[in-house]
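Letter by letter, the chains look like this.
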Amino acid sequence: ILIILIFIMLTRFKKQNNKMVRANIVSMVLLMHAIVGFPFHARGLSMTYYMMSCPFAEQIVKNSVNNALQADPTLAAGLIRMLFHDCFIEGCDASILLDSTKDNTAEKDSPANLSLRGYEIIDDAKEKIENRCPGVVSCADIVAMAARDAVFWAGGPYYDIPKGRFDGKRSKIEDTRNLPSPFLNASQLIQTFGQRGFTPQDVVALSGAHTLGVARCSSFKARLTVPDSSLDSTFANTLSKTCSAGDNAEQPFDATRNDFDNAYFNALQMKSGVLFSDQTLFNTPRTRNLVNGYALNQAKFFFDFQQAMRKMSNLDVKLGSQGEVRQNCRSIN
């Protein structure tokens, strides 16, 4: 019942487009959770993990995220992408945050990760939390909370996640070869995500995160060199114009690049998906109905995205002796 009431309240305030009021409602809901003890656990994680040891942790993360996104709304996409690039490699253990050393090249220096943004937001939240509760809150939990708060700040659904992840000690560039490529077709995406427990519905819902942000020309220019019947000719001209500025030129995934909505799925229906891995979801019968459903019903997309993001943020988490709580998110203790 509480979840239904929250959804109704947030939907009404979304129409008013008042982020400050919505944020206050979420703060109140989190306080209610703390008071009544929300009975949700996942693999040793808990919604109330920091209730006694660091009760202000979530508010500190939310403040760091909100302050950063008010200054630069494009960072919302960066925080969501950071969670995905962290969790898909070695699980949700903040391995993406570790800096390279003279003896090891870390994940963040992989070509696939060089465009990641938002590290300074995690650093800011971690520093503030360490000043209040030293050695308690993991960087992995901060990354998961920051992605959640970024989704909500951009106008997407609010979802809560259990806490208690520990930070990993391994971060190697060679592990990033397991990140899904923007050149995969729908069957390959389903297989790759399926190996980690995700359903085809999860794949399409998570792809909807591309409603935020941009893609670089280097990731889609191959679509312009051969005839592609799945690409609208007018949009192809737009992509070509973007690429005339070089491989690092950026193209928004949809017309509302800083708003979390279902415009991404509308773009796929119009053959205006930027990446091959985007448009393939509409071209493939197995996933086309999901795309059409989300394009028609934003509330359905939001609900399924919530579920998929909870699953993503719980992927192969480390507990207890499997990891540590880093003092500095960029280096192991």
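Residues numbered from 1 in each chain as written. Predicted model: local features only at pLDDT ≥ 70, side-chain atom pairs only at ≥ 80, totals over all residues. Heavy atoms only, no water.

### Quick word on the UniProt feature "active site" (unreviewed entry) in the chain
Next up, step 1: Mapped onto this numbering, the UniProt entry annotates "active site" (unreviewed entry) at His 85.
Next up, step 2: Note that His 85 resides in helix α4 (residues 75-87). (UniProt positions renumbered as here; feature names shortened; annotations may be inferred. Helix = DSSP H or I, 4+ residues; strand = E, 2+ residues; numbered from the N terminus.)

### Things to note about unusual backbone geometry
Next up, step 1: For Glu 90, which is not a glycine, the phi torsion comes out positive at approximately 65°.
Next up, step 2: Considering the arrangement of structural elements, one finds Glu 90 in the loop between α4 and α5 (119-132).
Next up, step 3: We classify Glu 90 as partly exposed; its relative accessible area is 34%.
Next up, step 4: Phi at Lys 271 takes a positive value of approximately 60°, unusual for a residue other than glycine.
Next up, step 5: With respect to the helices and strands, Lys 271 occurs in the loop between α10 (263-269) and α11 (276-283). (Buried < 20%, exposed > 50% of the residue type's maximum accessible area, 1.4 Å probe, protein only.)

### Thoughts on the state of the cysteines
Two cysteines form a disulfide when their sulfur atoms are joined by a covalent bond.
Next up, step 1: On inspection of all chains with the given rule, the structure shows 4 disulfides.
Next up, step 2: Here Cys 139 pairs with Cys 329 through a disulfide, and the sulfurs are 2.1 Å apart. Given an S-S torsion of about -100°, the disulfide between Cys 139 and Cys 329 has left-handed geometry. One end of the pair, Cys 139, is in helix α6 (residues 139-153); the other, Cys 329, is in the segment after α13 (298-313), with 190 residues separating them in the sequence. (Disulfide = S-S within 2.5 Å.)

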